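# Survey of secondary and tertiary structure
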Amino acid sequence: MGVPAIDTQGGLLSRRRELAALEQVLATARAGSGAILVLRGEAGIGKTALLDYAADRAVGFRTAGVAGIESEMEFPFAGLHRLCAPMLGRLQELPEPQRDALSVAFGFREGEAPNRFLVGQAALNLLAGAAEGQPLACLVDDAQWLDEGSMQVLSFVARRLMAEPIALIFTLREPEDHLALAGLPELIVEGLSEPDARALLTAAVRVPLDPVVRDRIVAEAHGNPMALLQLPRAPAELAGGFWLPGRCPLASRIESVFYQQFRSLPQDSRRLLLTAAAEPTGDAGLLWRAAGLQEISVDAAAPAEAAGLVEFGTRVRFHHPLVRSAIYRRTPAPDRRAAHRALAEATDPHLDPDRRAWHRAHAATQPDEGVAVELERSAGRAQGRGGAAAAASFLRRAAEVTPDPAHRVTRALAAAQAQIEAGGADQACTMLAAAEAGPLDDLQRARLERLRARLVFSRLRGSDAPRLLLDAAHRLAPLDTALARDTLLEAFGAAIFTGRLSTGAGQREVAEAVRAGPPSPTPPRMVDVLLDSMTSLVIDGYPASVDALRRALRLVRQEPASDATDADKRWLWLASRVTPEPLAPELWDDEAWHELATGAVSTAREAGALAVLPMALTYQAAFCVHAGNFDTAEALIDEATAISEATGGVPMMYTSLVLAAWRAQESHALDLIEATVNEVCARGEGRSLAVAEYATALLYNGLGRYDAALAAATRACEFEDLGFYGWALIELIEAAARSGQPEAGSAALDKLTERTHASKTEWALGVDACSRALMSDDQAVDTLYQEAIEHLGRCRIAVHLARARLLYGEWLRRQNRRRESRAQLRPAYEAFHRFGADGFAERARKELLATGETPRTQTTGNLAQLTSQEAQIAGLAKDGHTNQEIAAQLFLSPRTVEWHLGNVFTKLGVSSRRHLRSELSPAKPTTPITSSGRSGPKTPHKTAERKA
């Protein structure tokens, strides 16, 4: 392949690195595997030219492309629709749930807001289907200007391309960024080398240049091809070979050149280009209808095309996005409004009411209630299609064009709430300021304060949020009792989250406000039951609140999330199902924990709940850690992390910290803990700090470094963090007993028994007996350990059962009862080794050696070679699920499932699905991986070195 010497359109000079990367992406897709590349660089650096090069080199490919348009960012899934438009003939081939989700997202039909995962799965399968006959190249230009929904779905697709012959190439302008693309393979497109820049400038300039001026242009262009090609065209800046450099940013100077070219066109050509710049879809039919309304003739197109600014065809395409932005931004506002007015009149109100409302809003010269009403309706439709950001944008604009001050306040508050929920913090601040400037009644003032407090918490998660939410609840109490109690629960959540780092209102103050505030209604909502039980825990103490907590937990287990109100749903998930360690482990109720953990993931998957599925997966992973299913937990964590990254969320580190501590990979665990501590201290996340300290204590107890474990456990127990406090007490008691600090251990034991005696579950009674045995020095020790093993053997918490056996075995050996100690140490060692709890396994191994027994080497054969995802797929295939069913559950394409199964067959040495049943039989160590009411598929334990 030769490298182009000079390309005066795009500046493809000596782009060997970039061209080689594009060739590799295309070759990978041509060979049958997915390939992704993100090209990043400043405006004019040549990204679009590289994308065009990829299109030219994609011989034998089917190509599909879309360019992000800044003015179209408000329309949900608009970019995805344009990319998929050539493939929509395959829509009927998709499974019905995916077909319906994509149809609603694209506005083909009405329905409930589609979940992003179903839309993403549908898009993935649509693209995969289009690539069946020939490889597919998807080229996405100016990704920073795609609407949020499209970007999230394309990121979802990009992270799941494995066995599909699809090349997906993005360009992204710097310094713009997009969290959805974080972590994908990327290449920074840099400026041309100085010799190439000189060559391009010489080819572009037709007048003599003084060498000093030429060198100055080359130096200030920094190798930017667009600058080298366009800046010298400015007649005011280049005369007789002498050039006066500007001081404004490079992109702005390039826009100035384009605008000067635009200004040199005839008036009708300028009006036509402005109308095209105001119409983001490039719909030629709509443009010419709008042009006709402005009495612009078709002859106006020729001068614009001759100037190289635009191409007119079935679609309208500007030479470069800077051409569009230069024309639209620098044209006087009255002319822009005239263009939008014509476009609004030319848009069919029945076929595209949202775009018509958008143009009408931009054409308005003064507030207009009719426009505001249309925008409100558009917001509702956008919300129905799953476009939260678009809905917020429509509501914001509706508030801006509302003439009546009172109505403007109402709409501004609605817009602020929508912006908060869509993650638009800056826009929410603007809307709150707009609402505050209007005539607020008492309820609106209180709602404004609540929204401002929620915004503070969502942006900073700092210690100010509980106080602000509590103040808002006080103001709401005499005006709206239900909303006041909702806000109190929000304040509770913020106080629990900030924990020991709270500098404002803490849990105690919030609980006292609940007791002093409006009572729970009859019958109580889910919110009310949770709020009252949490208040009882803080004020009345653990023993007195157990019954209330159990009632709340029972209600959560009995009432499906789908039957709750919208407000209840939010708190059902937050307080009961997807917080890392909620009520069930606080009550030592392993059965409820298992039920809620499995049900949370199942429900989230079925609903496609994008925001909560990562939390649900993390919650289930935490249970799996305690059940000894470390590999399953790791697979769930990996899935949760991938989803968070794909959607721009922040991965939850709770379970990752605890799993790393159990695995006792000291360097990795400590690095993870240190990074977490630094991050959460800066944010004010006291609860996460407690988890980090608990994980440190667990790590050091496993490694037998009890002084360090005691110090960390003591810090963890300085504050009674929900869910973790009892676990931290267990670590403190063992560390104190082993390091000769009986007073610290006794104090911790008193606090633990207060909880375990009130709970009285098998799990609680087991850890209680084990901890009391550690702190005893009399004949009761033997009996206590036996009780602990008996109780823990009847619950699902396998790691604590193994620890009880280890502690009992250690004690028996010190009593010179070697044979009896082996009977406990042997199963403890085997369990820890099977789990992957290397620190505790090594403790058990050394104790066994001390009794004179050499532990047998544990092996699991070829099963250990499977990755976590391969194990998941193998388990589902063993249970009889088809490739399509597996793909739907794991959000993959059927072809990727087939590819993974091929790897599984090779690693296990089998040739078909029927052989998986014997390889993954119950006789072999397996763990559940799914979350339905029935028994789920199994995935093998890996006790050898884990593989990625």
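## Looking at the overall build of the protein chain
A tally of helices and strands in the protein chain yields 46 helices and 11 strands. A fraction of 69% describes how many contacts in the protein chain between residues 6 or more apart in sequence connect residues 24 or more apart. Looking at the protein chain as shown, the accessible area adds up to about 37,500 Å², and 50% of this sits on carbon and sulfur atoms.

## Regarding the nonpolar core
Leu80, Phe170, Trp662 and Phe832 are the most contacted members of the largest nonpolar core, which has 176 residues in total. Excluding residues that lie within four positions of it along the chain, Leu80 makes contacts with Leu102, Phe106, Val119, Ala123, Ser150, Val153 and Leu154. Ala326, Ile327, Ala339 and Leu343 belong to the second largest nonpolar core, which has 46 residues in total.

## Looking at empty space enclosed by the protein
In the structure shown here, the tally under the stated rule is 7 cavities of 30 Å³ or more. Forming the walls of the largest cavity are Ile730, Glu734, Val767, Cys770, Ser771, Leu774, Leu792, His800, Arg803 and Leu807. Elements with a minimum of two residues in the lining of the largest cavity: α36 (725-738), α38 (762-774) and α40 (798-814). Of the residues forming the lining of the largest cavity, the biggest block, 4 residues, is contributed by α38. For the lining of the largest cavity, a count of residues per class yields 6 nonpolar, 2 polar and 2 charged.

## Remarks on the packing of aromatic side chains
By the definition in use, this model includes 17 aromatic pairs. Ring geometry for Phe106 versus Phe108: centroids 5.8 Å apart, planes at 70 degrees, classification edge-to-face. You can call Phe106 buried: its relative accessible area is 9%. Their ring planes at 20 degrees and their centres at 6.4 Å tell us that Tyr808 and Trp811 sit as a pair that is stacked.

## Topic: the packing of helix α1 (residues 16-30) against helix α2 (residues 47-57)
Following both chains from N to C, one finds α1 and α2 inclined at 40 degrees, their axes separated by 10 Å at the closest point. By the angle class used here, α1 and α2 are oblique. Once α1 is placed against α2, the crossing between them reads as right-handed. On the side of α1, the interface is formed by Glu18, Leu19, Leu22, Glu23, Leu26 and Arg30, while α2 contributes Leu50, Tyr53, Ala54 and Arg57. Looking at side-chain class alone, the contact of α1 with α2 contains 6 nonpolar, no polar and 4 charged residues.

## A few points about the layout of surface pockets
Quantified by volume, the second largest pocket comes out at close to 970 Å³. Around the second largest pocket, the lining is made up of 32 residues, and of these His81, Phe106, Leu351, Asp352 and Arg355 lie nearest the centre. Looking at the lining of the second largest pocket, the elements with two or more residues in it are α3 (78-84), α4 (96-105), α12 (284-293), α16 (353-363) and α17 (369-384). Residues of the lining of the second largest pocket, tallied by class, amount to 12 nonpolar, 7 polar and 13 charged.

## Focus on unusual backbone geometry
Along the chain, Thr522 connects to Pro523 via a cis peptide bond; the corresponding omega equals -5 degrees. With respect to the secondary-structure elements, Pro523 resides in the loop between α24 (507-516) and α25 (526-540). Here the phi dihedral of Asp142 falls at roughly 50 degrees; this positive angle occurs in a residue that is not glycine. Mapped onto the elements of the fold, Asp142 is located in the loop between β3 (136-141) and α6 (148-158). Overall, the relative accessible area of 4% leaves Asp142 in the buried class.

## What about the sheet that holds β3?
Sheet architecture is open: 5 strands sit in the order β2-β3-β4-β1-β5, paired in parallel fashion. One side of each edge strand has no neighbouring strand; the edge strands of this open sheet are β2 (62-67) and β5 (186-188). Geometrically, the sheet is characterised by an average inter-axis angle of 15 degrees between neighbouring strands, direction not taken into account. Where β3 and strand β4 (residues 166-173) come together, 5 bridges link them in parallel fashion. Directly across from Leu139, in β4, lies its bridge partner Ile169.

## Digging into helix α41 (residues 818-835)
Taking 1.5 Å of rise per residue, the 18 residues of α41 would be expected to cover 26 Å, and the 25 Å separating its terminal C-alpha atoms lies within 8% of that figure. Within the span of α41, buried status applies to Ser821, Gln824, Leu825, Ala828, Tyr829, Ala831, Phe832, His833 and Phe835. With its phi angle positive at about 100 degrees, Gly836 sits one or two positions after the end of α41.

## Digging into α24
Gln507, Val510, Ala511, Ala513 and Val514 are the residues of α24 that are buried. End-on view of α24: buried residues confined to an arc of 155 degrees, all on one side of the axis. Next to the buried residues of α24 lie α22 (464-476), α23 (481-498) and α25.

## Regarding the side chain of Arg160
Looking at where Arg160 falls in the secondary structure, it is placed in the loop between α6 and β4. Glu639 provides the closest opposite charge to the buried, salt-bridge-free Arg160, at an N-O distance of 5.9 Å. Of the polar contacts made by the side chain of Arg160, one reaches the backbone oxygen of Phe156; its length is 3.4 Å.

## What to know about the environment of Val691
As for its placement among the helices and strands, Val691 is situated in helix α34 (residues 686-703). It is 6.5 Å that separates the C-alpha atoms of Val691 and Tyr654, two residues lying 37 residues apart in sequence.

## Digging into the packing of helix α44 (residues 883-890) against helix α45 (residues 894-908)
Relative placement of two packed helices is described by the angle separating their axes and the distance separating the axes. Put simply, α44 and α45 touch, their axes get as near as 8 Å, and they point 105 degrees apart. Taken together, the axis directions place α44 and α45 in an arrangement best described as roughly perpendicular. For the pair formed by α44 and α45, the contact residues are Asn883, Gln884, Ile886 and Ala887 on the first element and Pro894, Val897, Glu898 and Leu901 on the second. For the contact of α44 with α45, a count of residues per class yields 5 nonpolar, 2 polar and 1 charged.

## Concerning the pattern of salt bridges
Under the counting rule described, the total for this entry stands at 53 salt bridges. Where Arg329 meets Glu255, a salt bridge forms, and the shortest distance between an N and an O atom there is 3.7 Å. Here the residue Arg329 occupies a position in helix α14 (residues 321-330), and Glu255 occupies one in helix α10 (residues 250-263), the gap between them amounting to 74 residues. A relative accessible area of 49% means that Arg329 is categorised as partly exposed. With a relative accessible area of 8%, Glu255 lands in the buried category. As a salt-bridge pair, Arg355 and Asp352 come within 3.2 Å of each other at their nearest N and O atoms. By relative accessible area, which is 9% here, Arg355 ends up buried. Here the salt bridges do not stand alone but share partners, grouping Glu731, Glu734, Arg738, Arg803, Glu810 and Arg843 into one network.

## Thoughts on the pairing of β3
Burial analysis of β3 places 6 of its 6 residues in the buried class, which makes it a mostly covered element. Here β3 shows a buried face lined by Leu136, Cys138 and Val140 and a second buried face lined by Ala137, Leu139 and Asp141. When β2 meets β3, the two strands line up parallel, connected through 6 bridges. Bridge pairing links Ala67 to Asp141 in β3. Taken together, β3, α6 and β4 form a β-α-β motif whose crossover is right-handed.

## Overview of the environment of Thr487
You can see Thr487 is positioned in helix α23. Note on Thr487: relative accessible area 0%, which makes it buried. Separated by 36 residues in the primary sequence, Thr487 and Leu451 place their C-alpha atoms 9.9 Å from one another. When residues no more than four places from it in sequence are discounted, the contact partners of Thr487 are Arg450, Leu469, Ala472, Ala473 and Leu476.

## Thoughts on the confidence of the model for the protein chain
With 85% of its residues at a pLDDT of 70 or more, the protein chain shows a mean pLDDT of 83. The low-confidence segment residues 234-247, where pLDDT is below 50, has 28 contacts with residues more than four positions distant or belonging to other chains. Counting interchain partners and residues more than four positions distant, the pLDDT-below-50 stretch residues 922-948 has 76 contacts.

## With respect to the environment of Thr676
Mapped onto the secondary structure, Thr676 falls in helix α33 (residues 666-683). With 22 residues separating them in the primary sequence, Thr676 and Tyr654 have C-alpha atoms 9.3 Å apart. Polar contacts involving the side chain of Thr676 include one to the main-chain carbonyl oxygen of Leu672, which spans 2.8 Å.

The rules behind each value
Residues numbered from 1 in each chain as written. Predicted model: local features only at pLDDT ≥ 70, side-chain atom pairs only at ≥ 80, totals over all residues. Heavy atoms only, no water. Helix = DSSP H or I, 4+ residues; strand = E, 2+ residues; numbered from the N terminus. Contact = heavy atoms within 4.5 Å. Areas by Shrake-Rupley, 256 points an atom, 1.4 Å probe, with all protein chains shown as cover. Core = buried A, V, L, I, M, F, W, Y, C linked by side-chain atoms within 4.5 Å. Buried < 20%, exposed > 50% of the residue type's maximum accessible area, 1.4 Å probe, protein only. 1 Å grid on protein atoms, 1.4 Å probe; cavity = no way out; pocket = protein on both sides within 12 Å on 5 of 7 lines; lining within 4 Å. Points joined across faces, edges and corners; volume = space filled by probe spheres on them. Nonpolar A, V, L, I, M, F, W, Y, C, P; charged D, E, K, R; others polar. Phe/Tyr/Trp six-rings, centres within 6.5 Å; stacked < 30°, edge-to-face > 60°. Axes fitted to C-alpha atoms, helices over the stretch in contact; angles between N-to-C directions. Parallel < 35°, antiparallel > 145°, perpendicular 65-115°, else oblique. Left-handed = near helix turned anticlockwise from the far one by under 90°. Pairing = 2+ DSSP bridges. Expected span 1.5 Å × (residues − 1). Arc of directions from axis to C-beta. Lys, Arg positive; Asp, Glu negative; His and termini not counted. Salt bridge = Lys/Arg side-chain N within 4 Å of Asp/Glu carboxyl O. Polar contact = N/O pair within 3.5 Å; in protein donor to acceptor, adjacent residues only side chain to side chain. Right-handed = clockwise from strand over helix to strand, strands pointing away. pLDDT = per-residue confidence, 0-100.

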